[in-house]
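Each chain, letter by letter, is given below.
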Amino acid sequence: MAEDSAGGGERSFKPVSGNVMPRFSGIATFMRLPYLEDPAGAEIGLIGVPWDGGTTNRAGARHGPRQIRDVSTMTRNVHHVSGTKPFDLCRCADLGDVPVNPIVIEDTIERIEKFFARVHAAGVFPLSAGGDHLITLPIMRAIAKGRALGMVHFDAHTDTSDKYFGENYYTHGTPFRRAIEEGLLDPKRTVQIGIRGALYSDSDADWGADQGIRVITIEEFYDLGVDAVIAEARRVVGAGPTYVSFDVDGLDPVYAPGTGTPEIGGFTTFEAQKMLRGLAGLDLIGGDVVEVAPPFDPSGNTAIVGATMMFEILCVLAEAVAARRQDAAAE
Ligand code: MN
Ligand code: MN
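Note that the coordinates shown come from a computational prediction; the quantities given were computed from them, not determined experimentally.

Visitor: Please provide a residue-by-residue account of helix α4 (residues 136–143), values included.
Guide: Counting buried positions along α4 gives eight out of eight residues, so the element sits mostly inside the fold. Within the span of α4, buried status applies to Thr-136, Leu-137, Pro-138, Ile-139, Met-140, Arg-141, Ala-142 and Ile-143.

Laid out in structure tokens, this is it:
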């Protein structure tokens, strides 16, 4: 059909205005964007991955995408600091949820990779709502083909453990070990910000350090300050393709109590927003916000935090996507 052709045809890639239909009404999609089953024609796809089969402690992140969609209907068009208008810069759409298998980890990992491979093949850059942090591994399998990615990773945890209960190589504590082993992620272009919490053993942190990951603990974060941390993150990832992964447990649990593995002593929501804004101009190719677990936060605030961080990432991602489009047109 003509309206399904690349370039958009007559399909809308804009949010429904709050002056057309009130923000509390209508069917909830991410940021009130049109829902598309076929990604063709979009440039940025917002995707839910409602799955917490990799969770080792408190499950509940499977409920994240639905509540984030609900509260994200308050998202407006213009970033209040940068002035970025992501929905003017890029064709954006809600591409729905990955049809996960809530029982079988290996099957779900395959389903996530397949879904994102289709998005990637359509030339669409993904911004996802988890789900626990294991979802980032199959996303990277789908979008890192042929080139190791850099990553700016916000988290209380490094997520570079090897295995769990002896033989489980796939949990939300292992995605970046697997991603580095598989050549999807370049450890020397990876920076982890906010790391803290007691360790399993003295040697817990050795593997990541040996690979060359730049770990900025929460202590170093506060010693350096936000601007210096931004500068360091930009230095580490450099000019190459870079993914942004935001685990809400990087925040102090007073801001995001609805999460599976809370660790006290984290950064604030405002510091996180400033750091995400500081990624403007990098060659961003996608991102995610993970570990929002609504059952642990009856206030709903953690989902508001998740939706807001998604908007922050969307703004810098849209700038990158638009810049690459302009570069391609100039060639
Ligand atoms: Mn994590
Ligand atoms: Mn974490």
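Visitor: Please give an account of the coordination of the manganese ion (ligand 1) that cites residues and values.
Guide: All of the protein donors around the manganese ion (ligand 1) are His-133 (ND1), Asp-155 (OD), Asp-159 (OD) and Asp-247 (OD); their distances to the metal are 2.1 to 2.2 Å. When the donors of the manganese ion (ligand 1) are listed by position in the chain, the intervening gaps give H-x21-D-x3-D-x87-D. Separating the manganese ion (ligand 1) and the manganese ion (ligand 2) is a distance of 3.2 Å, and Asp-155 donates to both of them. Here Asp-159 is found in the loop between β4 (149–154) and α5 (175–181), whereas its partner Asp-247 is found in strand β7 (residues 242–247), with 88 residues between them in sequence. Each of the two residues, Asp-159 as well as Asp-247, counts as buried.

Visitor: Tell me about the environment of Arg-23, and please be specific about residues and values.
Guide: Inspection of the secondary structure assignment puts Arg-23 in the segment before β1 (44–49). Residues Arg-23 and Met-74, spaced 51 residues apart in sequence, show a C-alpha to C-alpha distance of 6.3 Å. Of the polar contacts made by the side chain of Arg-23, one reaches the backbone oxygen of Thr-73; its length is 2.8 Å. A distance of 3.0 Å separates the side chain of Arg-23 from the backbone oxygen of Thr-75, its partner in a polar contact.

Visitor: Account for the nonpolar core, with residues named and values stated.
Guide: Ranked by internal contacts, the top residues of the largest apolar core, which has 53 residues, are Phe-154, Ile-193, Phe-246 and Phe-267. Counting residues per element, this core draws most heavily on helix α10 (residues 301–330), which supplies 15 residues. Core analysis: the next-biggest nonpolar cluster, separate from the first, contains 36 residues, Trp-51, Ala-93, Met-151 and Ile-285 among them.

Visitor: Break down a negative patch on the surface for me, with residues and values.
Guide: On the surface, a cluster of negative charge is contributed by Asp-202, Asp-204, Asp-206 and Asp-210. Tracing the backbone through its elements, the reader meets Asp-202 in the loop between β5 (185–195) and α6 (206–211). On the basis of relative accessibility, which here comes to 80%, the residue Asp-202 falls in the exposed class.

Visitor: Quick rundown of the layout of surface pockets? Include the residues and the values.
Guide: In this structure, the largest pocket spans a volume of roughly 750 Å³. If you trace the largest pocket, you find 32 residues lining it, with His-157, Asp-159, Ser-161, Tyr-200 and Asp-204 closest to the centre. In the lining of the largest pocket, the residues fall into nine nonpolar, 13 polar and 10 charged. Met-74, Thr-75, Arg-76, Thr-308 and Phe-311 are the residues nearest the centre of the second largest pocket, which is lined by 13 residues in total. Counting residues per element, the lining of the second largest pocket draws most heavily on α10, at five residues. A class-by-class count of the residues in the lining of the second largest pocket yields six nonpolar, five polar and two charged.

Visitor: Account for the pairing of strand β6 (residues 214–217), with residues named and values stated.
Guide: In terms of strand pairing, β5 meets β6 through four bridges, oriented parallel. Following the sheet pairing, Ile-195 is matched in β6 by Thr-217. Running through α6, the crossover from β5 to the neighbouring parallel element β6 is right-handed.

Visitor: Explain the confidence of the model for the protein residue by residue, including any values.
Guide: For the protein, mean pLDDT is 95; residues scoring 70 or higher make up 97% of the total. Across residues 1–8, confidence stays below pLDDT 50; counting only partners more than four residues off in sequence or on other chains, it has 10 contacts.

Visitor: Please provide a residue-by-residue account of a nonpolar patch on the surface, values included.
Guide: Side chains of Val-16, Val-20 and Met-21 sit close together on the surface and give an oily, nonpolar patch of about 270 Å² of accessible area. Position of Val-20 relative to the elements: it lies in the segment before β1. What makes Val-20 exposed here is its relative accessible area of 69%.

Reading guide: rules and limits
Residues numbered from 1 in each chain as written. Chains lettered and ligands numbered in written order. Predicted model: local features only at pLDDT ≥ 70, side-chain atom pairs only at ≥ 80, totals over all residues. Heavy atoms only, no water. Buried < 20%, exposed > 50% of the residue type's maximum accessible area, 1.4 Å probe, protein only. Helix = DSSP H or I, 4+ residues; strand = E, 2+ residues; numbered from the N terminus. Donors = N, O, S within 2.8 Å, 3.2 Å for Na, K, Ca; no water. Polar contact = N/O pair within 3.5 Å; in protein donor to acceptor, adjacent residues only side chain to side chain. Core = buried A, V, L, I, M, F, W, Y, C linked by side-chain atoms within 4.5 Å. Patch = residues over 30% accessible without salt bridge, like charges linked within 9 Å, V, L, I, M, F, W, Y side chains within 5 Å. Areas by Shrake-Rupley, 256 points an atom, 1.4 Å probe, with all protein chains shown as cover. Salt bridge = Lys/Arg side-chain N within 4 Å of Asp/Glu carboxyl O. Lys, Arg positive; Asp, Glu negative; His and termini not counted. Charge placed at Lys NZ, Arg CZ, Asp CG, Glu CD. 1 Å grid on protein atoms, 1.4 Å probe; cavity = no way out; pocket = protein on both sides within 12 Å on 5 of 7 lines; lining within 4 Å. Points joined across faces, edges and corners; volume = space filled by probe spheres on them. Nonpolar A, V, L, I, M, F, W, Y, C, P; charged D, E, K, R; others polar. Pairing = 2+ DSSP bridges. Right-handed = clockwise from strand over helix to strand, strands pointing away. pLDDT = per-residue confidence, 0-100. Contact = heavy atoms within 4.5 Å.

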